[in-house]
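Chains, contacts and geometry: an overview
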Amino acid sequence: MRRGGRGFTLVELLIAITLLGLISSVTYGAIWTASRSLRTVEQQVELNDGLRVTQEFMRRSLSQARGLLAVQEGRMQVLFSGAPQSLAFIAPAPLQRGHAGGLYLYQIELVKRGERRNTLRLSYEQYVTGREPDAEPLAQGESLLLEGVAKLSFSYYGSDEPGATAQWLDEWPRRDILPQLVRMKLELESGGEVSVMTLAIKGQVG
């Protein structure tokens, strides 16, 4: 009877502590794995949202790019700049409270902001025909469309000179017309996923 009333022995206590440690390790591992999976899902959701916003903006704005003429470098040129890693064009802003938002000069490029990952940046400023090139912009700003972009490239479809056969070009060389098509290729840092968009420009020069 006295033996049955005794407390835990040292061996039993060590076994209990060991089992408790094993249970804690398994529980911590499960929680850490679940937390990591949740972060991965959240990052993927953010990435998908960023891609969707970028694609919607490109479809809406670039398809409505305007071939406006202005004096640049002493001659009349189309306000469109198509480089391998950046793109600038004039297009209408979205409708705001039932009224047209006017024309804006948009520029898309890849930038690195401090310690953050490469980010696809959209900068813009309001454009009014006839304003002096060095005049203060009426409204300007920027928006970060998508983070985690490893590479950005543009290509342009059209003839590089009057009468030539249309082809894909890494840079748009002409200043008298707009390209017929613009292709944007994004390579993401996570998993090397690639997104490619090809859009037709409907605007005319003038």
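Everything below is about the structure shown above.
Residues numbered from 1 in each chain as written. Predicted model: local features only at pLDDT ≥ 70, side-chain atom pairs only at ≥ 80, totals over all residues. Heavy atoms only, no water.

**Digging into the nonpolar core**
In this structure, Met58, Leu62, Phe80, Leu87, Phe89 and Phe154 are the most contacted members of the largest nonpolar core, which totals 32 residues. Put simply, the parts of the chain that give this core at least two residues each are helix H1 (10-62), strand S4 (86-92), strand S5 (103-112), strand S6 (118-127), strand S7 (140-147), strand S8 (149-158), strand S10 (181-188) and strand S11 (194-200). Beyond its immediate sequence surroundings of up to four residues, Phe154 is in contact with Met58, Ala83, Pro84, Gln85, Ser86, Leu87, Ile108, Asp170, Val182, Arg183 and Met184. In terms of nonpolar packing, the next biggest core, distinct from the first, is built from six residues, Leu68, Ala70, Leu79 and Leu103 among them. (Core = buried A, V, L, I, M, F, W, Y, C linked by side-chain atoms within 4.5 Å. Buried < 20%, exposed > 50% of the residue type's maximum accessible area, 1.4 Å probe, protein only. Helix = DSSP H or I, 4+ residues; strand = E, 2+ residues; numbered from the N terminus. Contact = heavy atoms within 4.5 Å.)

**Notes on a nonpolar patch on the surface**
Together, Leu10, Leu13, Leu14 and Ile17 line one region of the surface with nonpolar side chains, adding up to about 410 Å² of accessible area. Take Ile17: it is sitting in helix H1. You can call Ile17 exposed: its relative accessible area is 52%. (Patch = residues over 30% accessible without salt bridge, like charges linked within 9 Å, V, L, I, M, F, W, Y side chains within 5 Å. Areas by Shrake-Rupley, 256 points an atom, 1.4 Å probe, with all protein chains shown as cover. Salt bridge = Lys/Arg side-chain N within 4 Å of Asp/Glu carboxyl O.)

**Section: the packing of aromatic side chains**
Here the distance between the centres and the angle between the planes together describe a pair of aromatic rings. Across all of its chains, the model carries six aromatic pairs by this definition. Ring centres 5.3 Å apart and planes at 75° place the aromatic pair Phe57 and Tyr106 in the edge-to-face group. Note that Phe57 is positioned in helix H1 and Tyr106 in strand S5, a separation of 49 residues in sequence. For Phe57, a relative accessible area of 9% translates into the label buried. Here Tyr106 falls in the buried class, since its relative accessible area comes to 4%. Aromatic side chains Tyr157 and Trp168 sit 5.3 Å apart centroid to centroid with 55° between the ring planes, which places their arrangement in the tilted category. Of this pair, Tyr157 sits in strand S8 while Trp168 sits in strand S9 (residues 167-169), placing them 11 residues apart in sequence. What makes Trp168 partly exposed here is its relative accessible area of 32%. (Phe/Tyr/Trp six-rings, centres within 6.5 Å; stacked < 30°, edge-to-face > 60°.)

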